[in-house]
Structure formats: structure tokens, C-alpha cells
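The lines below spell out each chain.
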There are 2 protein chains.
Amino acid sequence: MIATDYLISCDWGTSSFRLYLVRVSDGKILHLVDNGLGIKEMYTNWSKPGNPARLEYFLEYLDFRIYLLSKKAGRKLDGIPVLISGMASSSIGMLELPYSQLPFPLSGRKLEYTIIEPDATQRPPIYLWSGLCSEHDVMRGEESQIIGLSDRFASRAGVAILPGTHSKHIFLEGETIVDFHTYMTGEFFALLSSHSILKNSLPEGKVPPADPVYFAKGVRAAKELSLLTTSFHVRTNELLHQLGPEQNFHYLSGLLIGSELRELPTGVPVYLCGGGRLRVPYERALEILGIRQVEVIGADEVEGAVARAHALFWRNL
Amino acid sequence: MIATDYLISCDWGTSSFRLYLVRVSDGKILHLVDNGLGIKEMYTNWSKPGNPARLEYFLEYLDFRIYLLSKKAGRKLDGIPVLISGMASSSIGMLELPYSQLPFPLSGRKLEYTIIEPDATQRPPIYLWSGLCSEHDVMRGEESQIIGLSDRFASRAGVAILPGTHSKHIFLEGETIVDFHTYMTGEFFALLSSHSILKNSLPEGKVPPADPVYFAKGVRAAKELSLLTTSFHVRTNELLHQLGPEQNFHYLSGLLIGSELRELPTGVPVYLCGGGRLRVPYERALEILGIRQVEVIGADEVEGAVARAHALFWRNL
């Protein structure tokens, strides 16, 4: 029966939507639709008057994307179960779920989820996954990536880093997530370069070509002092005619990534998960900070991790 | 002769303008005009087409404010020398001057300044003071405050703190400023509360009544971890229903002030200079951080410090 061999895996983030047709036995992604709306835009659209109830509105959209996936796959997908991770279970998602708690086993067996049963439609049950909270922090989606990558944490100890607008540091011990911290690194970069006094000391518009020298200078400054004072250097670099706007861009990037990474514990493995164009600067910053046990998990592998987590869950259900 | 007994002291900052009639012998302020334009607004106004040369434009405005001071004092001020500190010597000021260098004696004898001689007018010479730079940092104005407060640094060692949008930590050894750091504390607060994802977790509009409990919680969190991650707590405090917007306001304030102050060296005197409504939270944060040798220099004394510095300079000229 088709439902036992395949599943539809949905990774629905704040500003992204990815839908995969996945083979359960090995977690392989067969087809992908990824040009959908993120949760934030969905919620904004739904908030306009005249729409149906929230869950119904989100489900209609999901049905439509499943139809597109079916066209792409060239086959009917009726009866194939759907698993959803990410911001879909948040207060602005399709249905808000309470967070799973720490410590959180990498098997996912303590994961909070709910089953949205079909009504009159042909739709199969939908498994909506919740996120994870600590005493001070939250995530929705990254815990699924970590479950999908768990084979890669060889020693099952260390820190997994997911770089981004809100980078995550996820602390692993044994078979368990024991803690995690969110770093607003990317958002601070955007705030400082768009809205602060530093704006005029940075280039307008697009990202300048890499400059490892000034990036490294930033990382080293971040080792010594707080971002509250080192960030002001971006202005003084210009006032004292030391750095131009493009060099300052990389200096600020070094300050921020350095400030994020300087708190990592030493002597444990660090798993740098993907990171896209941030991978190289993160690797370089770890090196400058003297963190040697670094393993890079490639972007492709990170990209497919949620689908693998869903397949793993389905196999063990 | 009147010029030997009095001077006109001008403290011209980015967004403030203060003009004092000062008795040279004891630095006492006799009259004050303080509702003028800051340098930033002056520069913007001057940048519009049709204005005279920059220096001339600024001098005309200064002449007008001196006229107002003269009316307030009920006497002519002809022939009284004018001393100016602050951003007036910056790239957006009346005339840009190179910075004085470190180490910088508290006597001010290494201060860079220029004399603007009168042309056809009755105006006396104007002494325009420059600012101070280190390898990585700059100030224009605070060095004058420190000269004016130098009697108060009893041991002539320690750190003088001037809280604000861009707080300054000024390191004193013997009779000398040996280093200083600018902290963008107030600007970070404004950025995070107006432009970041934290905006919706903070109150709109005016400052809520003091809340020492949640402020202290923020300071303690700042001791442990980087602002890049503790600032995200403002959001999670709301998501996890731990703190309301007003409590979050003080929590964030504690995080920022705590992040600024946690780098202070221990075992040396700390001089907290004024700070207005920031005085109480700064005092409280220093206490929480276990910094015990704190002396508070009152706002009135800090307010008059530039005028006292000018009087001191004039006496020693």
C-alpha cells in the first residue's frame, strides 16, 4: 500500500515553505516543491477580513501545494500521510502546540505532536510537530533538523550550530539535547547596518566580495570586548580613516560571528550544520578562536534533514 | 578688564547646545542659555542651498546665542573670550580639528585647539577645542567634562563612566587618561525596541515605572552570556508567558547595562558621572556585579564640568 512506502514532509518556517515527497525506507527525497509562503506571510494574509477559520485557511493552502507536488511527481498522492515541522505549530501557525521540554532525546520520542484528522475530504491524517523550549529559549523546526542529522553526531556529544538570522547552538550529551541558545547574530547585523549610527560607515546595497583579513580582525576584537563597544569601531574605523565601507562590512561580520562563537565550550566537538554563504566565515571564525574539533555537515545534508526526521519517525511509529 | 574675570563657555554636542557665562576665578556659572541647536541639526540646516560658508554660518548662529546670553545676563559681553568644546570640532561641526592623542593629561595641556580670530566684527577670539582619540575610539566633549571633574578623581586612578546613548568608560592612571571605550548601550536599546523582532514583546511609547526585580534579572543574565543570545530572552519571556512588556523593558535595560558594565576592571575606583535617569539603574547594576568602590558624581556637577574645564584652561593660559 502506497501509504507505507511514502510520506509528504513539510518544513514550514517563518519565511520559507518546503514540501517533499519522501521514501520512508531510506528517507530519500524524490520530489520537492519549495516556492510557497512562509508562516509569517500566511498569517498576515489570513488576518485580512473574510477568510475562513485559521486552521481551515492553512489546510486549504497546504492541499493546493500537495496538488502541485503531485503534478511535479506525475502521480496521485492520495492517502500518503503528511508530517509538518517548524513554525506551523506556533502562535501564528495553523494550530498552536505547546513546546516539548528538555532534556529531549534525539530519537524524537518525547516530541509533542498532534494529529489533524481529515473531515469530509480525501486528505490523509496530518502529523503536526511542535517545537522545543528550555527555561529561556525556544525553537520550532531546528529540533527536527537535529533529529534528521543525528547519525552525524558521531560521539553524540558536542554542540551543533545552525547559523542564520537567529543562529542556534544546540548542546548534545549522549542521545539527548540538553540545552540550546538562540543568537540574534544575523538580525543584529541587519539592525546595525540599516538603522544605527554605523549605517554611513558601511556599504549600501549588496554584499561586497569576501575579505578574510578584516573579517579576522573583527573576530579577534570580539574575543576581547563586548559587542556594545566593538561595534562602535565600525564608526571609528571610518572616522580615523582606517577602514573603508567594504572592509567595515567584513569587520562587523567578524565582530558578530566572533561574539556568537566565543562562548562555545572548548574541548567538545562542534558540528557546523550547513550555513550557506555563512559556512566559510563560521569555519574561519572557529579557527581564529582556536576551536579545533569542528565537523562541517554540508548544506545538502542539512536541507534534507527534516524529511529524514519525518521518515525516521514514521518508521518507528 | 572684564575679559580676565569672565568667559563664555560653550558645550556644543551632537544634539545639544549650552552656553554659559562663567567666572574664571572659581569656574562658577553665572548665566545659561541652553535651548539652541545641536551640531547635527546645525549641519543639516547649513547643508541646504544658499547658505554662507560653513564656519561663517556657525559663527553667525553663535553670535546670536551670545546676544541672547547677554540679554539674560543683562549686560554687554563684548570682549569676553569664547571657549567651545564638543562636536563643534567634528567633520559636521564649524571647523574640523584633528584629535588629541592618548595618553592625555587631565590638566588638558596636550589638548588640540585652534583660535578663530575675529575679522571685521567686535567678536573676541574663539578657542575651539578638539576631541580625543585612541587607536580604536573617539570622543568630542567628554574629555572636557573629565578635565572639569578632575578634582573629584581623588586617587587619580580608576574608571569614569558617563552613561548615555553612547556611554563612555574613561580609564585614569595618575594624572592621565590612558584609554577609553564607547559603549553603544542606549542606541542598542533603541534599535532593539523599535526595529527588531523584540518590538512586540516591549511596551509601546513611554518608559514604564521602575522595576528593580526584573532589571536585576537582566543584569544577572548579562553576566553569564552574550547580548546576542540574552536579548532573545525578551521574546521568549513573552512566548513562555514569563514576563509582560513592562517587565521586559526593565529586563532588556538590565541586559544592556549589565553587558556594558560587566567588563569593568575590578579593584579600582569607579566614578559614575551623572547619568540623569540612568543613575539609579547604573548604581544598581554595579552593585549586582559586585563592584564596590563606586563614587557617584552628581548630575549638577557633571553639567557644570565643561564650564569649569574652560575656566581652568583660561586661568592656566
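Residues numbered from 1 in each chain as written. Chains lettered and ligands numbered in written order. Predicted model: local features only at pLDDT ≥ 70, side-chain atom pairs only at ≥ 80, totals over all residues. Heavy atoms only, no water.

Per an unreviewed UniProt entry, the recorded name for chain A is 2-keto-3-deoxy-galactonokinase, and the organism is Flavilitoribacter nigricans.

### Section: the environment of Val268(A)
All names here are of chain A. Checked against the element boundaries, Val 268 lands in the loop between α9 (245-261) and β14 (270-273). As a C-alpha pair, Val 268 and Arg 292 span 24 residues in sequence and 9.2 Å in three-dimensional space. Ignoring sequence-local partners within four residues, the contact set of Val 268 consists of Gly 158, Val 159 and Gln 293. (Helix = DSSP H or I, 4+ residues; strand = E, 2+ residues; numbered from the N terminus. Contact = heavy atoms within 4.5 Å.)

### Observations regarding the nonpolar core
Within the largest apolar cluster, 50 residues are counted, with the highest numbers of intra-cluster contacts made by Phe188(A), Leu252(A), Leu255(A), Phe188(B), Leu252(B) and Leu255(B). Elements that contribute at least two residues to this core include exactly α5 (185-195), α6 (212-224), α7 (227-230) and α9 of chain A together with α5 (185-195), α6 (212-224), α7 (227-230) and α9 (245-261) of chain B. Dropping the residues within four chain positions of it, Phe188(B) is found in contact with Phe188(A), Leu192(A), Leu227(A), Leu228(A), Ser231(A), Leu227(B) and Leu256(B). (Core = buried A, V, L, I, M, F, W, Y, C linked by side-chain atoms within 4.5 Å. Buried < 20%, exposed > 50% of the residue type's maximum accessible area, 1.4 Å probe, protein only.)

### Re the domain arrangement of chain A
Splitting chain A by domain gives domain 1 (2-140) and domain 2 (185-299). The C-alpha-based centres of domain 1 of chain A and domain 2 of chain A are spaced at 34 Å. (Domains from an automatic or database assignment.)

### Quick notes on the interface of chain B and chain A
With 39 residues of chain B at the interface, the matching set in chain A holds 39 residues. Summing both partners gives a buried area of about 3400 Å² for chain B against chain A, and 68% of it is carried by carbon and sulfur. Among the residues of chain B in contact with chain A, His136(B), Leu228(B) and Phe232(B) are the three that bury the most area, contributing 20% of the side total. Applying the counting rule to chain B against chain A returns zero salt bridges. At the surface where chain B touches chain A, the tally comes to 12 residue pairs in polar contact (both at pLDDT 80 or more). Among the elements that line the side of chain B that touches chain A, the one with the most residues is α5(B), at six residues. The residue makeup of the side of chain B that touches chain A, split by class, is 17 nonpolar, 15 polar and seven charged. (Buried area = accessible area lost by both parts, 1.4 Å probe. Salt bridge = Lys/Arg side-chain N within 4 Å of Asp/Glu carboxyl O. Polar contact = N/O pair within 3.5 Å; in protein donor to acceptor, adjacent residues only side chain to side chain. Nonpolar A, V, L, I, M, F, W, Y, C, P; charged D, E, K, R; others polar.)

### Thoughts on the packing of α5(A) against α5(B)
The N-to-C vectors of α5(A) and α5(B) enclose an angle of 105°; their axes lie 11 Å apart at closest approach. Relative to α5(B), α5(A) is oriented roughly perpendicular. Across the interface between the two elements, Glu187(A), Phe188(A), Leu191(A), Leu192(A) and His195(A) of α5(A) pack against Glu187(B), Phe188(B), Leu191(B), Leu192(B) and His195(B) of α5(B). When the residues that make up the contact of α5(A) with α5(B) are grouped by side-chain class, the tally is six nonpolar, two polar and two charged. (Axes fitted to C-alpha atoms, helices over the stretch in contact; angles between N-to-C directions. Parallel < 35°, antiparallel > 145°, perpendicular 65-115°, else oblique.)

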